[in-house]
Amino acid sequence: MPPAATGQISEEPSRQGWLDAFHRGARDVLEGCYRDHFQTVTRAVGYVLQGADKETVVHDVFLELLSDAKLRQGFKGGGDSGLAAWLATIARYRAIDYWRRYRCERSAQQALENAARAEPPALHPGDGRTERSLEARLLVEQFRRQVLPAKWARVFEARFLGELDQRAAARSLGMSRTTLAYQEMQVRRMFKRFVLTRRTT
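All figures in this text were calculated on a predicted structure; none of them were measured in a lab. (Residues numbered from 1 in each chain as written. Predicted model: local features only at pLDDT ≥ 70, side-chain atom pairs only at ≥ 80, totals over all residues. Heavy atoms only, no water.)

### So, the overall build of the protein
Consideration 1: Across its full length, the protein carries 10 helices and 0 strands.
Consideration 2: Walking the protein from its N terminus toward its C terminus, one meets helices and strands in the order α-α-α-α-α-α-α-α-α-α.
Consideration 3: Buried positions account for 44% of the 201 residues belonging to the protein.
Consideration 4: By sequence separation, contacts in the protein at least 24 residues apart represent 65% of the contacts at least 6 residues apart. (Helix = DSSP H or I, 4+ residues; strand = E, 2+ residues; numbered from the N terminus. Buried < 20%, exposed > 50% of the residue type's maximum accessible area, 1.4 Å probe, protein only. Contact = heavy atoms within 4.5 Å.)

What follows is the structure in C-alpha coordinates.
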(Lines give C-alpha, C1' and ligand atoms only; values in the text may rest on other atoms or scores of the structure.)
Protein backbone atom coordinates (compact mmCIF):
# COMPACT_ATOMS: atom_id res chain seq x y z
CA MET A 1 0.00 0.00 0.00
CA PRO A 2 1.29 3.52 -0.78
CA PRO A 3 1.95 5.90 2.07
CA ALA A 4 -1.00 7.87 3.34
CA ALA A 5 -1.19 11.51 2.26
CA THR A 6 -0.42 14.26 4.72
CA GLY A 7 -0.93 18.02 4.72
CA GLN A 8 -0.18 19.97 1.57
CA ILE A 9 2.48 22.62 1.10
CA SER A 10 -0.20 25.30 0.77
CA GLU A 11 -1.09 24.67 4.43
CA GLU A 12 2.41 25.53 5.63
CA PRO A 13 2.55 28.88 7.46
CA SER A 14 5.51 29.96 5.39
CA ARG A 15 6.06 28.68 1.88
CA GLN A 16 9.49 30.23 1.77
CA GLY A 17 10.37 28.59 5.07
CA TRP A 18 9.20 25.25 3.68
CA LEU A 19 11.20 25.77 0.48
CA ASP A 20 14.35 26.62 2.43
CA ALA A 21 13.92 23.48 4.53
CA PHE A 22 13.35 21.43 1.37
CA HIS A 23 16.55 22.78 -0.17
CA ARG A 24 18.46 21.96 3.03
CA GLY A 25 17.10 18.43 2.97
CA ALA A 26 15.21 18.65 6.28
CA ARG A 27 14.17 15.10 7.09
CA ASP A 28 10.58 15.86 8.13
CA VAL A 29 10.00 17.87 4.94
CA LEU A 30 11.39 15.11 2.70
CA GLU A 31 9.38 12.46 4.55
CA GLY A 32 6.25 14.53 3.96
CA CYS A 33 7.20 14.89 0.31
CA TYR A 34 7.50 11.10 0.04
CA ARG A 35 4.12 10.51 1.63
CA ASP A 36 2.31 13.20 -0.35
CA HIS A 37 3.82 12.47 -3.75
CA PHE A 38 4.51 8.74 -3.79
CA GLN A 39 1.52 8.19 -6.08
CA THR A 40 2.52 11.10 -8.33
CA VAL A 41 5.95 9.61 -8.94
CA THR A 42 4.53 6.09 -9.31
CA ARG A 43 2.08 7.22 -12.01
CA ALA A 44 4.77 9.13 -13.91
CA VAL A 45 7.16 6.18 -13.92
CA GLY A 46 4.29 3.82 -14.78
CA TYR A 47 3.82 5.49 -18.17
CA VAL A 48 7.24 4.07 -19.15
CA LEU A 49 8.01 1.07 -16.92
CA GLN A 50 6.11 -1.67 -15.15
CA GLY A 51 6.79 -4.32 -12.52
CA ALA A 52 10.12 -4.45 -10.73
CA ASP A 53 11.65 -1.81 -13.02
CA LYS A 54 8.93 0.69 -12.10
CA GLU A 55 9.35 -0.07 -8.40
CA THR A 56 13.11 0.40 -8.64
CA VAL A 57 12.91 3.77 -10.41
CA VAL A 58 10.25 5.13 -8.03
CA HIS A 59 12.51 4.47 -5.07
CA ASP A 60 15.58 5.71 -6.96
CA VAL A 61 13.83 9.06 -7.49
CA PHE A 62 13.16 9.50 -3.77
CA LEU A 63 16.64 8.26 -2.87
CA GLU A 64 18.12 10.85 -5.21
CA LEU A 65 15.87 13.53 -3.73
CA LEU A 66 17.11 12.61 -0.27
CA SER A 67 20.82 12.53 -1.16
CA ASP A 68 21.28 15.14 -3.91
CA ALA A 69 21.18 18.76 -2.73
CA LYS A 70 21.75 20.02 -6.27
CA LEU A 71 18.60 18.23 -7.44
CA ARG A 72 16.54 19.77 -4.62
CA GLN A 73 17.85 23.22 -5.53
CA GLY A 74 16.23 22.74 -8.94
CA PHE A 75 12.77 23.17 -7.41
CA LYS A 76 12.06 26.89 -7.24
CA GLY A 77 8.63 26.82 -5.63
CA GLY A 78 5.05 26.89 -6.81
CA GLY A 79 3.24 25.18 -3.97
CA ASP A 80 2.11 21.58 -3.84
CA SER A 81 0.94 21.47 -7.46
CA GLY A 82 4.27 22.87 -8.59
CA LEU A 83 6.15 20.24 -6.59
CA ALA A 84 3.96 17.48 -8.03
CA ALA A 85 4.64 18.63 -11.58
CA TRP A 86 8.38 18.96 -10.90
CA LEU A 87 8.60 15.47 -9.39
CA ALA A 88 6.52 13.96 -12.19
CA THR A 89 8.88 15.45 -14.78
CA ILE A 90 11.96 14.13 -12.96
CA ALA A 91 10.36 10.70 -12.55
CA ARG A 92 9.39 10.49 -16.21
CA TYR A 93 12.89 11.38 -17.40
CA ARG A 94 14.48 8.95 -14.93
CA ALA A 95 12.18 6.20 -16.22
CA ILE A 96 13.07 6.95 -19.85
CA ASP A 97 16.76 7.06 -18.97
CA TYR A 98 16.46 3.75 -17.14
CA TRP A 99 14.71 2.15 -20.10
CA ARG A 100 17.39 3.34 -22.52
CA ARG A 101 20.39 2.51 -20.36
CA TYR A 102 19.20 -0.84 -19.09
CA ARG A 103 17.93 -2.51 -22.26
CA CYS A 104 21.13 -4.53 -22.31
CA GLU A 105 20.79 -5.16 -18.60
CA ARG A 106 17.34 -6.65 -19.04
CA SER A 107 18.80 -9.32 -21.29
CA ALA A 108 21.44 -9.87 -18.62
CA GLN A 109 18.68 -10.06 -16.00
CA GLN A 110 17.02 -12.73 -18.11
CA ALA A 111 20.27 -14.66 -17.98
CA LEU A 112 20.16 -14.39 -14.18
CA GLU A 113 16.59 -15.64 -14.06
CA ASN A 114 17.42 -18.50 -16.42
CA ALA A 115 20.34 -19.45 -14.23
CA ALA A 116 18.21 -19.33 -11.08
CA ARG A 117 15.59 -21.67 -12.57
CA ALA A 118 17.89 -23.99 -14.47
CA GLU A 119 18.83 -27.43 -13.24
CA PRO A 120 22.52 -28.33 -13.69
CA PRO A 121 22.36 -29.37 -17.34
CA ALA A 122 23.75 -32.35 -19.16
CA LEU A 123 25.05 -31.14 -22.49
CA HIS A 124 23.60 -32.66 -25.64
CA PRO A 125 25.01 -31.74 -29.06
CA GLY A 126 22.83 -29.23 -30.83
CA ASP A 127 20.69 -28.46 -27.78
CA GLY A 128 20.77 -24.66 -27.89
CA ARG A 129 18.56 -24.22 -24.83
CA THR A 130 20.83 -26.40 -22.71
CA GLU A 131 23.90 -24.54 -23.88
CA ARG A 132 22.31 -21.15 -23.13
CA SER A 133 21.27 -22.39 -19.68
CA LEU A 134 24.80 -23.50 -18.91
CA GLU A 135 26.21 -20.24 -20.24
CA ALA A 136 23.83 -18.26 -17.99
CA ARG A 137 24.85 -20.24 -14.90
CA LEU A 138 28.54 -19.81 -15.68
CA LEU A 139 28.04 -16.08 -16.24
CA VAL A 140 26.38 -15.69 -12.84
CA GLU A 141 29.03 -17.72 -11.05
CA GLN A 142 31.84 -15.74 -12.67
CA PHE A 143 30.17 -12.45 -11.68
CA ARG A 144 29.76 -13.62 -8.08
CA ARG A 145 33.36 -14.80 -7.77
CA GLN A 146 35.16 -12.02 -9.62
CA VAL A 147 33.08 -8.86 -9.28
CA LEU A 148 30.31 -8.89 -6.67
CA PRO A 149 31.39 -7.40 -3.30
CA ALA A 150 30.65 -9.69 -0.38
CA LYS A 151 28.69 -6.92 1.36
CA TRP A 152 26.07 -6.97 -1.44
CA ALA A 153 25.93 -10.74 -1.95
CA ARG A 154 22.79 -11.16 0.19
CA VAL A 155 20.86 -8.58 -1.85
CA PHE A 156 22.00 -10.24 -5.07
CA GLU A 157 20.81 -13.63 -3.83
CA ALA A 158 17.43 -12.34 -2.62
CA ARG A 159 16.50 -10.02 -5.49
CA PHE A 160 18.12 -11.59 -8.54
CA LEU A 161 18.34 -15.29 -7.77
CA GLY A 162 15.59 -15.67 -5.19
CA GLU A 163 13.32 -13.32 -7.23
CA LEU A 164 11.81 -11.75 -4.11
CA ASP A 165 10.14 -8.38 -4.52
CA GLN A 166 11.73 -5.44 -2.72
CA ARG A 167 9.42 -5.57 0.30
CA ALA A 168 9.92 -9.29 0.86
CA ALA A 169 13.67 -9.07 0.25
CA ALA A 170 14.11 -6.17 2.67
CA ARG A 171 12.08 -8.01 5.30
CA SER A 172 14.02 -11.25 4.88
CA LEU A 173 17.38 -9.45 5.06
CA GLY A 174 16.40 -7.25 8.00
CA MET A 175 17.19 -3.97 6.25
CA SER A 176 15.25 -0.91 5.18
CA ARG A 177 13.78 -0.89 1.70
CA THR A 178 15.77 2.26 0.85
CA THR A 179 19.04 0.54 1.77
CA LEU A 180 18.09 -2.51 -0.26
CA ALA A 181 17.12 -0.36 -3.27
CA TYR A 182 20.47 1.42 -3.16
CA GLN A 183 22.44 -1.83 -3.00
CA GLU A 184 20.31 -3.37 -5.74
CA MET A 185 20.98 -0.38 -7.98
CA GLN A 186 24.74 -0.79 -7.47
CA VAL A 187 24.56 -4.51 -8.21
CA ARG A 188 22.55 -3.86 -11.39
CA ARG A 189 25.17 -1.39 -12.61
CA MET A 190 28.02 -3.78 -11.81
CA PHE A 191 26.34 -6.66 -13.61
CA LYS A 192 25.60 -4.50 -16.66
CA ARG A 193 29.25 -3.40 -16.88
CA PHE A 194 30.37 -7.00 -16.41
CA VAL A 195 28.17 -8.28 -19.25
CA LEU A 196 29.07 -5.44 -21.61
CA THR A 197 32.78 -5.94 -20.93
CA ARG A 198 32.48 -9.63 -21.78
CA ARG A 199 30.71 -8.83 -25.03
CA THR A 200 33.40 -6.43 -26.16
CA THR A 201 36.39 -8.66 -25.29
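That shown, we press on.
### Observations concerning the packing of helix H8 (residues 153-161) against helix H9 (residues 166-173)
Consideration 1: At a closest axis distance of 9 Å, the pairing of H8 and H9 adopts a crossing angle of 140°. With respect to H9, the axis of H8 lies oblique. Judged by the twist between their axes, the crossing of H8 over H9 is right-handed. Along its contact with H8, which presents Arg154, Val155, Ala158 and Arg159, the element H9 presents Gln166, Ala169 and Leu173.
Consideration 2: Looking at the contact of H8 with H9 residue by residue, the class counts come to 4 nonpolar, 1 polar and 2 charged. (Axes fitted to C-alpha atoms, helices over the stretch in contact; angles between N-to-C directions. Parallel < 35°, antiparallel > 145°, perpendicular 65-115°, else oblique. Left-handed = near helix turned anticlockwise from the far one by under 90°. Nonpolar A, V, L, I, M, F, W, Y, C, P; charged D, E, K, R; others polar.)

### Here we look at the pattern of salt bridges
Consideration 1: Scanning the entire structure with this criterion turns up 7 salt bridges.
Consideration 2: Arg177 is the partner of Glu55 in a salt bridge, and the nearest nitrogen-oxygen pair spans 3.0 Å. Taken together, the positions of Glu55 in helix H3 (residues 51-67) and Arg177 in helix H10 (residues 177-200) put the pair 122 residues apart, joining distant regions of the chain. Neither residue differs from the other here; Glu55 and Arg177 are each classed as buried.
Consideration 3: Because the salt bridges share partners, they merge into one network encompassing Glu141, Arg144 and Glu157. (Salt bridge = Lys/Arg side-chain N within 4 Å of Asp/Glu carboxyl O.)

### A short note on the nonpolar core
Consideration 1: Counting residues in hydrophobic clusters, the biggest one holds 28 residues, and the most contacted among them are Phe22, Val41, Val45, Leu65, Leu83 and Trp86.
Consideration 2: Counting residues per element, the ones that place at least two in this core are helix H1 (15-24), helix H2 (27-46), H3 and helix H5 (79-101).
Consideration 3: Considering each element in turn, this core owes the most residues, 8 residues, to H5.
Consideration 4: Apart from the residues within four sequence positions on either side, Leu65 is in contact with Phe22, Leu30, Cys33, Leu71, Arg72, Trp86 and Leu87.
Consideration 5: One finds Phe156, Val187, Phe194 and Val195 within the second-largest nonpolar core, a separate group that totals 13 residues. (Core = buried A, V, L, I, M, F, W, Y, C linked by side-chain atoms within 4.5 Å.)

### Some thoughts on H8
Consideration 1: Turning to H8, its buried residues are Val155, Phe156, Ala158, Arg159, Phe160 and Leu161.
Consideration 2: Count one or two residues on from H8 and you reach Glu163, which has phi positive near 60°.

### A look at a nonpolar patch on the surface
Consideration 1: On the surface, Tyr47, Val48 and Trp99 cluster together into a nonpolar patch covering about 340 Å² of accessible area.
Consideration 2: Looking at the secondary structure, you find Val48 in the loop between H2 and H3.
Consideration 3: A relative accessible area of 30% means that Val48 is categorised as partly exposed. (Patch = residues over 30% accessible without salt bridge, like charges linked within 9 Å, V, L, I, M, F, W, Y side chains within 5 Å. Areas by Shrake-Rupley, 256 points an atom, 1.4 Å probe, with all protein chains shown as cover.)

So yeah, pure geometry; function would need other evidence.
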